[in-house]
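Report on the structure
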Amino acid sequence: MNLSDIAQGLQNGTLPPAEAAQLLLQAEENETEEMGFARLDHGRRKRKGFPEVIFCQGKTCGQVAAIFERFAAHDACAFGTRASREQYEAVLQKVPDASYHELARIIWIGSANAAKKGKVAVLTGGTADLPVAEEAALTAEFFGAEVHRFFDVGIAGIHRLFSVIDQIRACDVVIAAAGMEGALPSVAAGLVDIPVIAVPTSVGYGASFGGLASLLTMLNSCAEGITVVNIDNGFGAGYSAAQICRKIAGGDK
């Protein structure tokens, strides 16, 4: 039932007000915008608490710019991952206040949640893991978490992790990004009483198999409380961490 039908039902008395309110809520949750090359899900914030995110890789500059323009007009915020500088420059032509983080390859406008809820500790094994870690950190920040970065605390110099462990324990969620053998999340999980989201990165020499070795290490960890996302999926880790923080803080959608 569309909005016109709901209004007509209320007017002629065939639709009770309570039922009309429920139908209006469903219509808002399912609101989409057809663009020909994309169907934007404007109702996702109502259903999930966070708005839809744009995966920019594989899209043309014009497509990315047009999508950002529509999201910005509808919700005053937008977030895109795996974006190139050329795509960002195209977005700027449509939305002048857009920002870009080149290392993380993220374009964003505004914030999905201005009030910060919960704390996320983002760890990396080494400096080479920074692109994935920053993708995770910026995602968590955009969706309303307070992020604390602890970079280059891998097990090759494990005293570096011990030196900041009290600060990490003060957070609500840990994101640990590591390549090579991928042991950092296991070590971290053995030292904290909060969820650890492990992110295998594609950093390493030949036998790391583009991150597969670290992925298998994390999946086979004997430390409790570890959840593993896909190789280089900083976005997935940051999104999940923000969801956890929102629930811990008692936040609403």
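A brief structural summary. (Residues numbered from 1 in each chain as written. Predicted model: local features only at pLDDT ≥ 70, side-chain atom pairs only at ≥ 80, totals over all residues. Heavy atoms only, no water.)

Now for the sheet that holds strand S3 (residues 54–55). If you trace the four strands from one edge of the open sheet to the other, you get S3-S4-S6-S5, paired in mixed fashion. Single-partner strands in this sheet number two, and they are S3 and strand S5 (99–101). Across two bridges, S3 lies against strand S4 (residues 78–81) in parallel orientation. Among the inter-strand pairings, Phe55 is bridged to a residue of S4, identified as Thr81. (Pairing = 2+ DSSP bridges. Helix = DSSP H or I, 4+ residues; strand = E, 2+ residues; numbered from the N terminus.)

A grouping of Phe209, Leu212, Leu216 and Leu219 is seen on the molecular surface, where their side chains present a nonpolar patch of about 410 Å² in accessible area. Along the chain, Leu212 falls in helix H10 (residues 212–219). (Patch = residues over 30% accessible without salt bridge, like charges linked within 9 Å, V, L, I, M, F, W, Y side chains within 5 Å. Areas by Shrake-Rupley, 256 points an atom, 1.4 Å probe, with all protein chains shown as cover. Salt bridge = Lys/Arg side-chain N within 4 Å of Asp/Glu carboxyl O.)

Of all five residues in strand S10 (residues 196–200), five are buried; the element is thus mostly enclosed. What you see with S10 is no split at all: Val196, Ala198 and Pro200 on one side and Ile197 and Val199 on the other are buried throughout. Sheet topology places strand S9 (residues 173–178) next to S10; five bridges connect them, and they run parallel. Pairing of Ala177 across the sheet is with Val199, part of S10. (Buried < 20%, exposed > 50% of the residue type's maximum accessible area, 1.4 Å probe, protein only.)

Now for the layout of surface pockets. Empty space within the largest pocket amounts to approximately 230 Å³. Along the wall of the largest pocket there are 17 residues; nearest its centre are Gly125, Gly126, Asp129, Gly154 and Met180. Taken as a whole, the second largest pocket holds about 150 Å³ of empty space. Around the second largest pocket sit twelve residues that line it, and His42, Arg45, Pro51, His74 and Asp75 are the ones nearest its centre. For the lining of the second largest pocket, the secondary structure elements donating two or more residues are helix H3 (44–48) and helix H4 (61–75). Its residues assigned to classes, the lining of the second largest pocket comprises three nonpolar, two polar and seven charged. (1 Å grid on protein atoms, 1.4 Å probe; cavity = no way out; pocket = protein on both sides within 12 Å on 5 of 7 lines; lining within 4 Å. Points joined across faces, edges and corners; volume = space filled by probe spheres on them. Nonpolar A, V, L, I, M, F, W, Y, C, P; charged D, E, K, R; others polar.)

Below, the discussion takes up the sheet that holds strand S8 (residues 146–150). An order of S8-S7-S9-S10-S11 is seen for the five strands of this open sheet, with the pairing classed as parallel. Whereas interior strands pair on both sides, the edge strands pair on one side only; in this sheet they are S8 and strand S11 (226–228). Within this sheet the neighbouring strands show an average axis-to-axis angle of 25 degrees, counted without direction. Examined bridge by bridge, S10 and S11 share three bridges and lie parallel to one another. (Axes fitted to C-alpha atoms, helices over the stretch in contact; angles between N-to-C directions.)

Time to look at the nonpolar core. Counting 22 residues, the largest nonpolar core has Ala121, Leu123, Ile168 and Val174 as its most contacted members. When contributions to this core are tallied by element, the ones reaching two or more residues are strand S7 (119–124), helix H8 (165–169), S9, helix H9 (184–189) and S10. The residues touching Val174, leaving out its near neighbours within four places in the chain, are Ala121, Leu123, Ile168, Ile194, Pro195, Val196 and Ile197. (Core = buried A, V, L, I, M, F, W, Y, C linked by side-chain atoms within 4.5 Å. Contact = heavy atoms within 4.5 Å.)

Evaluation of the coordinates by the stated rule reveals eight aromatic pairs. Here Phe79 and Phe143 contribute two aromatic rings whose centre-to-centre distance is 5.8 Å and whose plane-to-plane angle is 55 degrees, an arrangement assigned as tilted. One end of the pair, Phe79, is in strand S4; the other, Phe143, is in the loop between helix H6 (130–142) and S8, and 64 residues separate them in sequence. Ring centres of Phe143 and Tyr239 lie 5.2 Å apart, and the angle between their planes is 70 degrees; this geometry places the pair in the edge-to-face category. Taken together, the positions of Phe143 in the loop between H6 and S8 and Tyr239 in helix H11 (residues 234–248) put the pair 96 residues apart, joining distant regions of the chain. According to the relative accessible area criterion, Tyr239 is buried, its value standing at 11%. (Phe/Tyr/Trp six-rings, centres within 6.5 Å; stacked < 30°, edge-to-face > 60°.)

It helps to recall that an α-helix has 3.6 residues per turn; residues three or four apart then point in one direction. Given a rise of 1.5 Å per residue, 15 residues ought to cover 21 Å, and the 21 Å separating the end C-alpha atoms of H4 matches this to within 8%. The set of residues buried in H4 consists of Val64, Ala65, Ala66, Ile67, Phe68, Phe71 and Ala72. Buried residues in H4 make contact with strand S2 (39–41), S3, S4, helix H5 (85–94) and strand S6 (106–109). (Expected span 1.5 Å × (residues − 1).)

Take the environment of Leu184 next. Note on placement: Leu184 falls in helix H9. As a C-alpha pair, Leu184 and Leu161 span 23 residues in sequence and 9.3 Å in three-dimensional space. Ignoring anything within four residues of it in the chain, the contact list for Leu184 reads Leu123, Thr124, Gly125, Val153, Gly154, Ile155, Leu161, Ala176, Ala177 and Ala178.

Another aspect to go through is the packing of H6 against H11. A pair of packed helices is captured by two measures, namely the crossing angle of their axes and the spacing between those axes. The geometry of H6 relative to H11 is characterised by a closest axis approach of 7 Å and an angle of 30 degrees between their N-to-C directions. Accordingly, the angle class assigned to the pair H6 and H11 is roughly parallel. Two packed elements cross with a definite hand, and for H6 against H11 that hand is right-handed. Across the interface between the two elements, Val132, Glu135, Ala136, Thr139 and Ala140 of H6 pack against Gly234, Phe235, Gly238, Tyr239 and Ala242 of H11. Taken together, the residues of the contact of H6 with H11 break down into six nonpolar, three polar and one charged. (Parallel < 35°, antiparallel > 145°, perpendicular 65-115°, else oblique. Left-handed = near helix turned anticlockwise from the far one by under 90°.)

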